[in-house]
Amino acid sequence: MEFTARQIADYLKGEIEGDPDVKVHTVSKIEEAQGGSLSFLANPAYTPWIYKTNASIVLVNKDFRPEIPLRCTLVKVDNAYNALAGLLSLYKKSLPQKQGISSLASVPESAKTGKDIYIGEFAVIGENVFLGDNVKIYPHCYIGDNTVIKDNSTLYAGVKVYDQCIIGQDCTIHSGAVIGADGFGFAPQSDNNYMKIAQIGNVILEDHVEIGANTTIDRATMGSTVIQKGVKLDNLIQVAHNVVVGENTVIAAQTGIAGSSKVGKNCMIGGQVGISGHISVGDEVKIAAQSGLSSGVKKGKIIMGAPAFDHDKYIKAYIHFRNLEKLVKRIDDLEKQVDNLIGKDA
Amino acid sequence: MEFTARQIADYLKGEIEGDPDVKVHTVSKIEEAQGGSLSFLANPAYTPWIYKTNASIVLVNKDFRPEIPLRCTLVKVDNAYNALAGLLSLYKKSLPQKQGISSLASVPESAKTGKDIYIGEFAVIGENVFLGDNVKIYPHCYIGDNTVIKDNSTLYAGVKVYDQCIIGQDCTIHSGAVIGADGFGFAPQSDNNYMKIAQIGNVILEDHVEIGANTTIDRATMGSTVIQKGVKLDNLIQVAHNVVVGENTVIAAQTGIAGSSKVGKNCMIGGQVGISGHISVGDEVKIAAQSGLSSGVKKGKIIMGAPAFDHDKYIKAYIHFRNLEKLVKRIDDLEKQVDNLIGKDA
Amino acid sequence: MEFTARQIADYLKGEIEGDPDVKVHTVSKIEEAQGGSLSFLANPAYTPWIYKTNASIVLVNKDFRPEIPLRCTLVKVDNAYNALAGLLSLYKKSLPQKQGISSLASVPESAKTGKDIYIGEFAVIGENVFLGDNVKIYPHCYIGDNTVIKDNSTLYAGVKVYDQCIIGQDCTIHSGAVIGADGFGFAPQSDNNYMKIAQIGNVILEDHVEIGANTTIDRATMGSTVIQKGVKLDNLIQVAHNVVVGENTVIAAQTGIAGSSKVGKNCMIGGQVGISGHISVGDEVKIAAQSGLSSGVKKGKIIMGAPAFDHDKYIKAYIHFRNLEKLVKRIDDLEKQVDNLIGKDA
């Protein structure tokens, strides 16, 4: 497929600066683009690249003014990143879509399936499962008994969802994610053994949730582990039993949340963060990568460290930590000077 | 199913305080319970909830004395948490169990299978595999050649066990766990390449072991990686080649143990802990979440930090770390004062 | 199979010290070896074991001179570890190999397959996939449409490779690894929602790459996420979209690399390390376990900490951190002494 700058500008309701007839057939990052590429400039750190890129067309924000003439044609839009997202999405949707129920899948009569669904080879659908319209179940997925997957959700190859769980509309779950395995609950016994606490709850993903590859979300001991609408979880994240993650919170890879903790709405949590059990993280909290939380955090805080505290204070304390060697030297010197003074004084 | 307080008290050999005829049909956490729920109070932090819960029946420890009259009926037992565990387990066992060998599974003639086993759709059983009585192999599991799985063990959907491994009795392995992949062993070569060291050992899980979702336990280079009886591993844990984890040790999610290290019995290890290779952790050691061990630890120690040292000392040192800004200010002041004194003295 | 010391020495071009006719039938670690075992001594820390081992034959470096007579026969070689690696590899290759295309696999007509390939039960090969000679695809693998897997590569049970990816020659990918899932890219919207950025790039593994169990490597937003030749990744590692990992770099388990970062050649990266997005790590950098990188690192540096800085400086600063309690005491004392001096002085 080829598009001219004029076609793209028309679609995005943008303005053209340069040759409206130049054509593109692919999309590339500005620093890697070749002729025939559409690219974009959203992050100001990449501005120098616009003067040397080989891209034929570059999407830019309306307020961008080049300092010297450019080789490429600009398409100016309100928000270049959003415009790009729209184009990429359009491109992705234009590709052939999987459809139909494979004769190699295992789908029991008790399962209810909506319109236009896809079930790939060797997928296993449990008893009484409900799959809504346009649901896509890739090969090797396992959907436990009585689980519900609502309209327009996609489970990529090899996702495992245990029984009794609920997956909302427009969710995307990547390969290897495990939804609804037993929470980690054991009662210590007098002989150092542990007795397993049966985990009889479930997992609920609300609408518009995305779950990364090999992420694990455990079922509740009782009640539900809940991932609220709009939440985005990256790869290899651990969400323990009875956790609640609030609306539109985004969490980077390899973070873990221990049992029964509540995370608020609109939080941004970095990678490899650890959140202890039974604590509460307020709305709009930002947590730096690798931080560890052992107690609750109030709304809007930006924190860092393990245990975590105020981000800016952490940065300052860490600078002093790096210089502890010098600090100790200063104390050594002070002690000598004071000893001297005391000696003279005596 | 419905049960009265009297039936529950009889089963648990507990005492009733309140209406013995009140009925429950579900089990809930005390803070979420509705009418018709059985709940429990074990953690004193949740005591205030017993005065406002909507639960119909609450299991409590024998010594619990309410400060004001309660709406709910109490069932008093020696240990409320254990009693709950027993009831949940009973409930779980009352649910329909998977059984039989699916005609869609791949089971070679050389495999030996015990009584009352379950093998789900598209499971693959290798040559000469032995599966004991009551073993449950969910769909999409892969059991490599010559592997042994003993009585009453359950492997949930998509567990992968490589060849030559041994899984003990009464083990539970959750979806996505990988048992017996190659240890990470490479010999550096003169040209910066690495030569792979073939990993010819295996993995042994002893009895009563539970392995969480997407946890990985690598096979030994030679000999065995061993998870001793009663060990409980949470999700996304890494256990490298030739590691030994001692009896009844419990490890929280996302912890990693590097090659050839030995962890003692009855240890409690938090989440996201890292244990270096070739070190020894004594029995009954407790390690705080996110700690890092670069050298051995003696029996009974409680440690924290990276590198980890005594837990209480770490907490104190960290408080000083948080206040380093103030400490530096004090040194600045001292230097000025001492300079002054020296000046006067001169 | 049994071999004499003479046969082993001939194969390795080594020298015998002791009985050339002693036989071995297995390979063991020196501290665990029984009679009939071949063992090796490469790490000097294990030297004491050679005086008490039950191994019948021990591979040692040419320059090893026992201090007292040994029970075992020595085979002296240039590099005992390399020699062992060669023998183990020979042993592994002598075991029966999987071959043939299972009638239970799903292989479309559009797929192209080379000579002597293996495709296990319930594997799913996508449309237009290319599989080179001697490729081994174990059960439950999923290979997305248009993906290429070159000669001699092995994918163990349950590996998921999304569409459009390229796997080089002589690669090994362990169970549960996910190659090519969507990168974590979302554009924040004014109502706190996020719009998904379609990820239209791919993943390229060059030749001789090994990927550990349950490791995830995300596809690029545009262009490619690249793992260059000779790279070895351990288990449960996260590699985000558009990352490049340079030749022969080795990375231990549970490390994460955020989007668009570049890691150089011949680096050694410990376990549980976090590398932020959009940064550059030079060639031959060594990073201690659990370190966190928030900015770029120059060639050849050895670093530690979070945020990471020079390894030796970190170790020193951390010793002072451990002793902060004492340091504060010294400042307390100084303040008292100075107060005293000022008092006298007044």
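Residues numbered from 1 in each chain as written. Chains lettered and ligands numbered in written order. Predicted model: local features only at pLDDT ≥ 70, side-chain atom pairs only at ≥ 80, totals over all residues. Heavy atoms only, no water.

Comments concerning the overall build of chain A
Next, step 1: Check the secondary structure of chain A and you find four helices and 39 strands.
Next, step 2: For 346 residues, the compact-globule formula gives about 20 Å, and the C-alpha radius of gyration of chain A, at 27 Å, lies well above that figure.
Next, step 3: If you line up chain A on its principal axes, its C-alpha atoms span 95 × 75 × 30 Å.
Next, step 4: Burial statistics for chain A: of 346 residues in total, 55% are counted as buried.
Next, step 5: Intrachain contacts of chain A at a sequence separation of at least 6 include 16% that bridge at least 24 residues.
Next, step 6: By element, 49% of the accessible surface of chain A is carried by carbon and sulfur atoms, the whole surface being about 14,300 Å².
Next, step 7: In chain A, the 35 positive side-chain charges and the 38 negative ones have mean positions that sit 4 Å from each other. (Helix = DSSP H or I, 4+ residues; strand = E, 2+ residues; numbered from the N terminus. Rg over C-alpha atoms; globule rule 2.2 N^0.38 Å. Buried < 20%, exposed > 50% of the residue type's maximum accessible area, 1.4 Å probe, protein only. Contact = heavy atoms within 4.5 Å. Areas by Shrake-Rupley, 256 points an atom, 1.4 Å probe, with all protein chains shown as cover. Lys, Arg positive; Asp, Glu negative; His and termini not counted. Charge placed at Lys NZ, Arg CZ, Asp CG, Glu CD.)

Considerations on the interface of chain A and chain C
Next, step 1: Each side of the interface is counted separately: chain A has 60 residues, and chain C has 72 residues.
Next, step 2: Roughly 5,300 Å² of surface becomes buried between chain A and chain C when both sides are summed, with 63% attributable to carbon and sulfur atoms.
Next, step 3: Run the count over chain A and chain C and you get five salt bridges.
Next, step 4: Seen at the junction of chain A and chain C, the total is 30 residue pairs in polar contact (both at pLDDT 80 or more).
Next, step 5: Contributing elements (two or more residues each) for the side of chain A that touches chain C: helix H2 (80-94), strand S27 (232-233), strand S30 (250-251), helix H3 (311-322) and helix H4 (324-345) of chain A.
Next, step 6: Top element by residues in the side of chain A that touches chain C is H4(A). It accounts for 11 residues.
Next, step 7: Tallied by class, the residues present in the side of chain A that touches chain C amount to 32 nonpolar, 15 polar and 13 charged. (Buried area = accessible area lost by both parts, 1.4 Å probe. Salt bridge = Lys/Arg side-chain N within 4 Å of Asp/Glu carboxyl O. Polar contact = N/O pair within 3.5 Å; in protein donor to acceptor, adjacent residues only side chain to side chain. Nonpolar A, V, L, I, M, F, W, Y, C, P; charged D, E, K, R; others polar.)

So, the relation of the copies chain B and chain A
Next, step 1: Mapping chain B onto chain A calls for a screw motion: a turn of 120 degrees about the axis and a shift of 0.0 Å along it, with 0.1 Å RMSD after fitting. The symmetry that links the two subunits is that of a three-fold axis. (Least-squares fit on C-alpha atoms with pLDDT ≥ 70 in both.)

Some details on the interface of chain B and chain A
Next, step 1: Between chain B and chain A, the contact holds 61 residues from the first and 72 residues from the second.
Next, step 2: Approximately 5,300 Å² of surface area, both sides summed, lies buried where chain B meets chain A, with 63% of it carried by carbon and sulfur atoms.
Next, step 3: The interface formed by chain B and chain A contains five salt bridges.
Next, step 4: Seen at the junction of chain B and chain A, the total is 30 residue pairs in polar contact (both at pLDDT 80 or more).
Next, step 5: Those elements that place two or more of their residues in the side of chain B that touches chain A are helix H2 (80-94), strand S27 (232-233), strand S30 (250-251), helix H3 (311-322) and helix H4 (324-345) of chain B.
Next, step 6: The greatest single-element share of the side of chain B that touches chain A, amounting to 11 residues, is contributed by H4(B).

Here's the deal with the confidence of the model for chain A
In low-pLDDT segments, the atomic positions of the prediction should not be examined closely.
Next, step 1: Taken residue by residue, chain A gives an average pLDDT of 96. The fraction at 70 or more is 99%.
Next, step 2: ipTM for the predicted complex: 0.95, alongside a pTM of 0.96. (pLDDT = per-residue confidence, 0-100.)

Things to note about helix H1 (residues 5-12) of chain C
Residues and elements named next belong to chain C.
Next, step 1: Residues of H1 that are buried: Ala-5, Ile-8, Ala-9 and Leu-12. Seen end-on, H1 carries its buried residues on one side only, within an arc spanning 95 degrees.
Next, step 2: Just downstream of H1 lies Lys-13, where phi reads positive at about 55 degrees. (Arc of directions from axis to C-beta.)

Quick look at the packing of aromatic side chains
Next, step 1: For the structure shown, the criterion picks out 42 aromatic pairs over all chains.
Next, step 2: Between the aromatic rings of Tyr156(A) and Tyr162(C), the centroid separation amounts to 5.1 Å while the plane-to-plane angle is 40 degrees, which identifies the pairing as tilted. You can see Tyr156(A) sitting in the loop between strand S16 (154-155) and strand S17 (160-161) and its partner Tyr162(C) sitting in the loop between strand S17 (160-161) and strand S18 (166-167), one on each of two chains. Each member of the pair, Tyr156(A) together with Tyr162(C), is buried. (Phe/Tyr/Trp six-rings, centres within 6.5 Å; stacked < 30°, edge-to-face > 60°.)

Structural notes on the sheet that holds strand S13 (residues 136-137) of chain A
Next, step 1: Ordered in space as S8-S10-S13-S16-S19-S24-S27-S30-S33-S36-S38-S39 (chain A), the 12 strands form an open sheet in which the pairing is mixed. One side of each edge strand has no neighbouring strand; the edge strands of this open sheet are strand S8 (100-101) and strand S39 (308-310) of chain A. (Pairing = 2+ DSSP bridges.)

Quick look at the nonpolar core
In a soluble, globular protein the nonpolar side chains are often hidden away together inside.
Next, step 1: Counting residues in hydrophobic clusters, the biggest one holds 50 residues, and the most contacted among them are Ile137(B), Leu205(B) and Ile275(B).
Next, step 2: With residues up to four places along the chain from it excluded, the contact list for Leu205(B) reads Ile166(B), Ile167(B), Gly168(B), Cys171(B), Ile173(B), Ile211(B), Ile217(B) and Ile227(B). (Core = buried A, V, L, I, M, F, W, Y, C linked by side-chain atoms within 4.5 Å.)

Some remarks on the pattern of salt bridges
Next, step 1: With the rule as written, the count across this model stands at 30 salt bridges over all chains.
Next, step 2: Across the pair Asp145(C) and Lys98(A) runs a salt bridge, and its minimum N-O distance is 2.9 Å. Highlighted residues: Asp145(C) in the loop between strand S14 (142-143) and strand S15 (148-149) and Lys98(A) in the loop between H2 and S8, drawn from two different chains.
Next, step 3: With its nearest N and O atoms 3.8 Å apart, the salt bridge here joins Arg219(B) to Asp163(B). Placement of the pair is Arg219(B) in the loop between strand S25 (216-218) and strand S26 (224-227) and Asp163(B) in the loop between strand S17 (160-161) and strand S18 (166-167), with a sequence separation of 56 residues.
Next, step 4: With relative accessibility at 2%, the residue Arg219(B) sits in the buried group.

Observations regarding the environment of Met222(B)
Next, step 1: Along the chain, the position of Met222(B) falls in the loop between S25 and S26.
Next, step 2: According to the relative accessible area criterion, Met222(B) is buried, its value standing at 1%.
Next, step 3: The sequence separation of Met222(B) and Tyr118(B) amounts to 104 residues, and the corresponding C-alpha distance is 32 Å.
Next, step 4: Non-local contacts of Met222(B), meaning those with residues more than four positions away in its chain, are made with Ile200(B), Gly201(B), Asn242(B), Val27(C), Ser28(C), Lys29(C), Glu32(C), Phe40(C) and Leu84(C).

Some details on the side chain of Lys232(C)
Next, step 1: Residue position: Lys232(C) is located in strand S27 (residues 232-233).
Next, step 2: Buried and unpaired, Lys232(C) has no salt bridge, with Glu210(C) as the nearest side chain of opposite charge at 5.4 Å.
Next, step 3: Once residues within four sequence positions are removed from consideration, Lys232(C) is found in contact with Phe184(B), Phe186(B), Tyr194(B), His208(C), Glu210(C), Thr249(C), Val250(C) and Ile251(C).

Topic: the sheet that holds S17(B)
All names here are of chain B.
Next, step 1: In spatial order, the strands read S11-S14-S17-S20-S25-S28-S31-S34-S37; together these nine strands make up an open sheet with parallel pairing. Pairing within the sheet leaves two strands with one partner each, and these edge strands are strand S11 (124-125) and strand S37 (292-293).
Next, step 2: Where strand S34 (residues 274-275) meets S37, two bridges bridge the pair, whose relative direction is parallel. By the bridge assignment for S37, Ile-275 is matched with Leu-293.

Observations regarding the packing of helix H1 (residues 5-12) of chain A against H2(A)
Residues and elements named next belong to chain A.
Next, step 1: In the contact formed by H1 and H2, the axes pass within 11 Å of each other and the chain directions differ by 105 degrees. What the angle tells us is that H1 and H2 run roughly perpendicular. Counted together, Ile-8, Tyr-11 and Leu-12 of H1 and Ala-83, Leu-87 and Leu-90 of H2 form the full contact between these two elements.
Next, step 2: Looking at side-chain class alone, the contact of H1 with H2 contains six nonpolar, no polar and no charged residues. (Axes fitted to C-alpha atoms, helices over the stretch in contact; angles between N-to-C directions. Parallel < 35°, antiparallel > 145°, perpendicular 65-115°, else oblique.)

Comments concerning H2(B)
Next, step 1: In this model H2(B) runs 21 Å from its N-terminal to its C-terminal C-alpha over 15 residues, within 8% of the 21 Å that 1.5 Å per residue would give.
Next, step 2: Those residues of H2(B) not exposed but buried are Ala80(B), Ala83(B), Leu84(B), Ala85(B), Leu87(B) and Leu88(B).
Next, step 3: Those residues of H2(B) that are buried lie in contact with strand S22 (194-196) of chain A together with helix H1 (5-12), strand S4 (26-27), strand S5 (37-41), strand S6 (57-61) and strand S7 (73-77) of chain B.
Next, step 4: N-capping of H2(B) is provided by Asn79(B), with a side-chain oxygen placed 3.1 Å from the backbone N of Tyr81(B). (Expected span 1.5 Å × (residues − 1).)

Details of a nonpolar patch on the surface
Next, step 1: Together, Met1(A), Phe3(A), Tyr91(A) and Leu95(A) make up an exposed nonpolar region whose accessible area comes to about 390 Å².
Next, step 2: Checked against the element boundaries, Tyr91(A) lands in helix H2. (Patch = residues over 30% accessible without salt bridge, like charges linked within 9 Å, V, L, I, M, F, W, Y side chains within 5 Å.)

Section: a positive patch on the surface
Next, step 1: Among the surface-exposed residues, Lys298(A), Lys301(A), Lys313(A), Lys316(A), Arg322(B) and Lys326(B) lie close enough to one another that they form a single positively charged patch.
Next, step 2: Looking at the element boundaries, Lys301(A) is found in the loop between strand S37 (292-293) and strand S38 (302-305).

Some remarks on the pairing of strand S7 (residues 73-77) of chain A
Residues and elements named next belong to chain A.
Next, step 1: Of all five residues in S7, five are buried; the element is thus mostly enclosed.
Next, step 2: Because side chains alternate across S7, one face comprises the buried residues Thr-73, Val-75 and Val-77, and the other comprises Leu-74 and Lys-76, equally buried.
Next, step 3: In the sheet, strand S2 (residues 15-17) pairs with S7 via three bridges, with the strands oriented antiparallel. Counted as the bridge partner of Glu-15 is Lys-76 from S7.

Re the environment of Ser175(B)
Next, step 1: Mapping Ser175(B) onto the fold places it in the loop between strand S19 (172-173) and strand S20 (178-181).
Next, step 2: Note on Ser175(B): relative accessible area 0%, which makes it buried.
Next, step 3: Ignoring any residue separated from it by four or fewer positions in sequence, one finds Ser175(B) in contact with Lys160(A), Tyr162(A), Val178(A), Tyr156(B), Ala157(B), Val159(B), Ala213(B) and Asn214(B).
Next, step 4: Within polar-contact distance, the side chain of Ser175(B) engages the backbone oxygen of Ala157(B) at 2.6 Å.

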